[in-house]
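Examination of the molecular architecture
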Amino acid sequence: SMNNWKLVGEMMEKDDFHEKYRSELIPDYSRIKRAAKEAGAYGSSISGAGPTIFSLAHPNAVPTICKHLKETFPELTILHVPIVEEGPVIEILDQ
């Protein structure tokens with residue numbers, strides 16, 4: 001299914017390419033991932049080279065996850081960044 005976000009979350013967490021190396025450079029990485037999952041996230045991973053961590057979750061679960069992470073890790077910046085479902089559109093105009 002095109003909307004199987006739970007499966008997407010599971011696959012995000014199976015990253016054996018760069019996560020195992022970069023996660024060691026991010027303090028509390030495993031604890032943050034676990035806390036997000038316990039609060040309802042489908043999965044979490046490292047954004048790019050880090051140190052940003054992102055989690056994928058159902059929109060209804062986001063407030064609970066953000067609240068939990070802010071309470072558990074008050075020293076971190078926790079942001080809700082919604083998924084953009086439509087990318088850029090290129091149109092060819094008449095010349």
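Residues numbered from 1 in each chain as written. Predicted model: local features only at pLDDT ≥ 70, side-chain atom pairs only at ≥ 80, totals over all residues. Heavy atoms only, no water.

Turning next to the overall build of the protein chain. Helix and strand counts for the protein chain come out as 4 helices and 2 strands. For the protein chain, the sequential pattern of α-helices and β-strands runs α-α-α-β-β-α. In summary, the protein chain has a C-alpha radius of gyration of 16 Å against a globular reference of 12 Å for 95 residues, an excess of more than 25%. Principal-axis analysis of the C-alpha atoms gives the protein chain an extent of 55 × 30 × 30 Å. Here the protein chain, with 95 residues, has 28% of them falling under the buried criterion. (Helix = DSSP H or I, 4+ residues; strand = E, 2+ residues; numbered from the N terminus. Rg over C-alpha atoms; globule rule 2.2 N^0.38 Å. Buried < 20%, exposed > 50% of the residue type's maximum accessible area, 1.4 Å probe, protein only.)

Time to look at the pattern of salt bridges. Summed over the entire model, instances satisfying the criterion amount to 3 salt bridges. Here Lys37 ties to Glu13 by a salt bridge, and the two come within 3.2 Å at their closest N and O atoms. One end of the pair, Lys37, is in helix H3 (residues 29-39); the other, Glu13, is in the loop between helix H1 (5-12) and helix H2 (19-22), with 24 residues separating them in the sequence. Asp28 is the salt-bridge partner of Arg31, the closest N and O atoms lying 3.2 Å from each other. Take Arg31: its relative accessible area is 39%, and that puts it in the partly exposed class. What makes Asp28 partly exposed here is its relative accessible area of 34%. (Salt bridge = Lys/Arg side-chain N within 4 Å of Asp/Glu carboxyl O.)

This part covers the side chain of Ser44. Looking at the element boundaries, Ser44 is found in strand E1 (residues 43-46). Within polar-contact distance, the side chain of Ser44 engages the side chain of Ser55 at 2.5 Å. (Polar contact = N/O pair within 3.5 Å; in protein donor to acceptor, adjacent residues only side chain to side chain.)

On to the nonpolar core. If you look at the biggest cluster of nonpolar residues, it comprises 13 residues, and the most contacted ones within it are Ile65, Leu69 and Phe73. Put simply, the parts of the chain that give this core at least two residues each are H3 and helix H4 (62-72). In this structure, Phe73 is in contact with Asp28, Arg31, Ile32 and Ala35, ignoring residues within four places of it in sequence. (Core = buried A, V, L, I, M, F, W, Y, C linked by side-chain atoms within 4.5 Å. Contact = heavy atoms within 4.5 Å.)

Quick look at the confidence of the model for the protein chain now. Do not read the predicted coordinates in detail wherever pLDDT is low. Counting all residues, the mean pLDDT for the protein chain is 88, and 97% of those residues have values of 70 or more. Here H2 stands out as the element of the protein chain with the lowest mean pLDDT, 78, in contrast to H4, whose mean of 97 is the highest. (pLDDT = per-residue confidence, 0-100.)

Where nonpolar side chains cluster on the molecular surface, the patch consists of Trp5, Val8 and Ile83 and spans about 260 Å² of accessible area. If you trace the backbone, Val8 turns up in helix H1. (Patch = residues over 30% accessible without salt bridge, like charges linked within 9 Å, V, L, I, M, F, W, Y side chains within 5 Å. Areas by Shrake-Rupley, 256 points an atom, 1.4 Å probe, with all protein chains shown as cover.)

Bridge analysis of E1 against strand E2 (residues 53-56) gives 4 bridges, and the strand direction is antiparallel. Bridge pairing in E2 links Ile46 to Ile53. A loop of 6 residues connects E1 with E2, the two strands running antiparallel in sequence, and Gly48 in this loop sits at a positive phi of about 60°. (Pairing = 2+ DSSP bridges.)

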